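Listed below, chain by chain, are the residues.
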Amino acid sequence: MSTNLIEALRREAERIDEDTQYSHKGHYCAAERWGRWRYRLGLPTTLLSAAASAVIFFAEPLVAAVP
């Protein structure tokens, strides 16, 4: 392989490495933010769906038993 090709591949590998470092940090920050939203949205949704299931089960047991 020629020296120019090896140097070009090395520069490209360094560029990709730098890009992935910035991308990693951005994904980490986004995951932290969405982790908080998971609890804000997931907990009330779970509680409301459990309450709705209980209401249907006690109001109409036959409907709740049909798959």
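Worth saying up front: this structure is predicted, and the values here are computed from it rather than measured.

Undergrad: Just to check I follow, could you spell out the overall build of the protein for this structure?
TA: Looking only at helices and strands, one finds two helices and zero strands in the protein. Among the 67 residues that make up the protein, the fraction classed as buried is 0%.

Undergrad: Looking at this structure, I do not really get the pattern of salt bridges. What am I missing?
TA: This model, assessed by the stated rule, comprises six salt bridges. Here arginine 10 and glutamate 7 are joined by a salt bridge, their closest N and O atoms 2.3 Å apart. You can see arginine 10 and its partner glutamate 7 sitting in helix H1 (residues 3-59), three residues apart, about one turn around the helix. According to the relative accessible area criterion, arginine 10 is partly exposed, its value standing at 39%. For glutamate 7, a relative accessible area of 31% puts it in the partly exposed group. Each of Glu7, Arg10, Arg11 and Glu14 takes part in salt bridges that share partners, so that together they form one network.

Undergrad: Looking at this structure, how should I read the packing of aromatic side chains?
TA: Each aromatic ring pair is summarised here by two numbers: the centre-to-centre distance and the angle between the ring planes. Summed over the entire model, instances satisfying the criterion amount to one aromatic pair. Measuring from ring centre to ring centre gives 5.4 Å for phenylalanine 57 and phenylalanine 58, while their planes differ by 75°; the resulting arrangement is edge-to-face. The exposure class assigned to phenylalanine 57 is partly exposed, which follows from its relative accessible area of 46%. Residue phenylalanine 58 is classed as exposed on the basis of its relative accessible area of 66%. Sitting above the plane of the tyrosine 39 ring, arginine 38 keeps its charged end 4.5 Å from the centroid.

Undergrad: How should a nonpolar patch on the surface be read in this particular structure?
TA: There is a patch of nonpolar side chains on the surface, built from Trp34, Trp37 and Leu41 and spanning about 370 Å² of accessible area. Examined against the element boundaries, leucine 41 turns out to sit in helix H1.

Each value, and the rule that gives it
Along each chain, residues carry numbers from 1 onward, in the same order as the chain's sequence is written. In view of the model being predicted, local features appear only for residues whose pLDDT reaches at least 70, and side-chain atom pairs are presented and counted only at 80 or more, with totals across whole chains, interfaces and linings using the full set of residues. To get the side-chain values, all heavy atoms of the structure are used, and hydrogens and water are removed first. Here a helix means four or more residues in a row that DSSP labels H or I, a strand means two or more in a row labelled E, and each is numbered from the N terminus. Exposure is judged per residue with a 1.4 Å probe applied to protein chains only, and the accessible area is read against the type maximum: over 50% gives exposed, under 20% gives buried, and values in between give partly exposed. Here, a salt bridge means any side-chain nitrogen of Lys or Arg that lies within 4 Å of a carboxyl oxygen of Asp or Glu. Each aromatic pair joins two rings of Phe, Tyr and Trp (for Trp, the six-membered one) with centres within 6.5 Å, and gets the label stacked for planes under 30 degrees apart, edge-to-face for over 60, and tilted for any other angle. Two limits define a charge over a ring: the Lys NZ or Arg CZ must be within 6 Å of the ring centre, and within 35 degrees of the ring normal. Here a patch means residues that are over 30% exposed by relative accessible area and free of salt bridges, tied together within 9 Å if like-charged and within 5 Å if nonpolar (Val, Leu, Ile, Met, Phe, Trp, Tyr). Each accessible area value is a Shrake-Rupley result obtained with a 1.4 Å probe; residue values ignore everything except the protein chains displayed when judging cover.

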